[in-house]
Amino acid sequence: MSSTTRIALIGCGAIGTSVLELLQGDVALEIKAIVVPTDALASAQATAQRLAPRAQVVSSVPADGIDLVVEAAGHAAIEAHVLPALERGTPCIVASVGALSAEGFAERLEAAAVTGGTQVQLIAGAIGAIDALAAARVGGLDTVRYTGRKPPHAWKGTPAEEGRDLGALTAETVIFEGSAREAAMLYPKNANVAATVSLAGLGLDRTFVRLIADPAVTENIHTVEAEGAFGDFELTMRNKPLAANPKTSALTVYSAVRALRNRVAALAI
Ligand SMILES: NC(=O)c1ccc[n+]([C@@H]2O[C@H](COP(=O)([O-])OP(=O)(O)OC[C@H]3O[C@@H](n4cnc5c(N)ncnc54)[C@H](O)[C@@H]3O)[C@@H](O)[C@H]2O)c1
């Protein structure tokens, strides 16, 4: 590996653009390629000119000259680009962790990494305490609960609208209770945090999820509660959204940049 880590960034939307902003001028982490679908090449080119003028903007990950792939683009992009990169032996960092809720998909990623003799790293993204949860699992976990609380309008276009007028809610209303697997099927656009908590803890079937529409809140609030041999914890996050995509927390970008910096840092935390 050269002293500079050469990166292919998949996706140039809200997360991808913010990652490019934060990595500007970083000598240890060089964005070599930005990978987007053909119809998004022109707008990604404009972003690259501004933030990463030396990067090539392409529709697939170059087969040579890439040390690390970072994905911020969704399920289809993992299929198209991350699986083949892993099979070729290139390590990958994945942000679209919700995609791993699909039946057999986590196993396919793992198998691709085994084939390539490399590793796929899932970022913690919008949620914290993933280190504590994954460490607690070593000693044994009894229960893990995730509660997602959002203003009613944030649940528009989801099954939460069935049989109720979200705009008329005057008190907090539980719109879903069940396993993380069921939550991912019914609320796929909200799957990232529940999937991350599940993968770090008790898995999709044993992680209890509660989704709440609350007219008293303006932010998206995530709570994780876990109990096990280690003791117990409760964590609540009130994340600020990215201006470019209100559905994405700014913390997700910082989490991706942290993962990248930890790859090259002499002291990683
Ligand atoms: N882990 C977390 O906590 C967390 C939090 C927020 C978002 N995410 C995930 O990160 C991903 C990106 O989020 P965003 O807010 O930047 O989205 P966005 O819609 O702003 O940007 C998506 C980008 O991906 C590109 N893209 C789409 N399909 C592609 C493909 N097949 N190949 C290559 N590029 C493709 C688009 O052109 C666009 O540039 C989403 O999948 C989202 O679910 C994860």
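What counts, and where the lines are drawn
Residues numbered from 1 in each chain as written. Predicted model: local features only at pLDDT ≥ 70, side-chain atom pairs only at ≥ 80, totals over all residues. Heavy atoms only, no water. Patch = residues over 30% accessible without salt bridge, like charges linked within 9 Å, V, L, I, M, F, W, Y side chains within 5 Å. Areas by Shrake-Rupley, 256 points an atom, 1.4 Å probe, with all protein chains shown as cover. Salt bridge = Lys/Arg side-chain N within 4 Å of Asp/Glu carboxyl O. Helix = DSSP H or I, 4+ residues; strand = E, 2+ residues; numbered from the N terminus. Buried < 20%, exposed > 50% of the residue type's maximum accessible area, 1.4 Å probe, protein only. Contact = heavy atoms within 4.5 Å. Domains from an automatic or database assignment. Buried area = accessible area lost by both parts, 1.4 Å probe. Polar contact = N/O pair within 3.5 Å; in protein donor to acceptor, adjacent residues only side chain to side chain. Nonpolar A, V, L, I, M, F, W, Y, C, P; charged D, E, K, R; others polar. Near = heavy atom within 4 Å. Pairing = 2+ DSSP bridges. Axes fitted to C-alpha atoms, helices over the stretch in contact; angles between N-to-C directions.

A. Structural detail: a nonpolar patch on the surface. On the surface, Leu22, Leu251 and Tyr254 cluster together into a nonpolar patch covering about 260 Å² of accessible area. Looking at the element boundaries, tyrosine 254 is found in helix α8 (residues 250-264). Its relative accessible area of 48% is what places tyrosine 254 among the partly exposed residues.

B. Region of interest: the side chain of threonine 47. Of note, threonine 47 is situated in helix α2 (residues 41-51). You can call threonine 47 buried: its relative accessible area is 14%. In this structure, threonine 47 is in contact with Cys12, Thr17, Leu20 and Ala52, ignoring residues within four places of it in sequence.

C. Layout of the domain arrangement of the protein chain. Per the domain assignment, the segments making up the protein chain are domain 1 (5-122) and domain 2 (130-240). Placing a centre on the C-alpha atoms of domain 1 and another on those of domain 2 gives a separation of 27 Å. Between domain 1 and domain 2, the residue contacts involve eight residues of the former and eight residues of the latter. Regarding the contact of domain 1 and domain 2, the summed buried area is about 550 Å², with carbon and sulfur atoms giving 62% of it. On the domain 1 side of the contact with domain 2, Val97, Gly98 and Ser101 bury the most area, a combined 67% of that side's loss. Applying the counting rule to domain 1 against domain 2 returns one salt bridge. Counting every contact that joins domain 1 to domain 2 gives two residue pairs in polar contact (both at pLDDT 80 or more). In terms of residue class, the side of domain 1 that touches domain 2 is built from four nonpolar, three polar and one charged.

D. Main features of the site of the ligand. Close to the ligand lie 24 residues; Ala14, Ile15, Ala95, Ser96 and Thr248 are nearest. Here isoleucine 15 contributes a backbone N or O atom positioned 2.8 Å from an oxygen atom of the ligand. Side-chain polar atom of serine 96 to an oxygen atom of the ligand: 2.6 Å apart, as the coordinates give it. When the ligand is considered free in solution it has 870 Å² of accessible area, and contact with the protein chains removes 76% of it. Those elements giving two or more residues to the shell around the ligand turn out to be α1 (14-23), α3 (75-88) and β13 (245-249). Of the residues in the shell around the ligand, the class split is 14 nonpolar, ten polar and no charged.

E. Broad picture of the environment of glutamate 87. Take glutamate 87: it is sitting in helix α3. The spatial distance from the C-alpha of glutamate 87 to the C-alpha of alanine 113 is 6.0 Å, given a sequence separation of 26 residues. Sequence-distant contacts of glutamate 87, that is, excluding residues within four places in its chain, are made with Ala112, Thr115 and Gly116.

F. The sheet that holds strand β11 (residues 231-239), seen in detail. Spatial ordering of the open sheet is given by β8-β9-β7-β10-β11, a layout of five strands whose pairing is mixed. Lying at the two open borders of the sheet, with one neighbouring strand each, are β8 (173-179) and β11. Pairwise comparison of adjacent strand axes, ignoring direction, gives a mean angle of 10° for this sheet. Bridge count between strand β10 (residues 220-228) and β11: nine bridges; the pairing is antiparallel. Looking across to β11, one finds that histidine 222 is bridged to methionine 237. Along the sheet face, helix α5 (residues 130-139) touches β7 (141-150), β10 and β11 and points at about 160° away from the line of β7.

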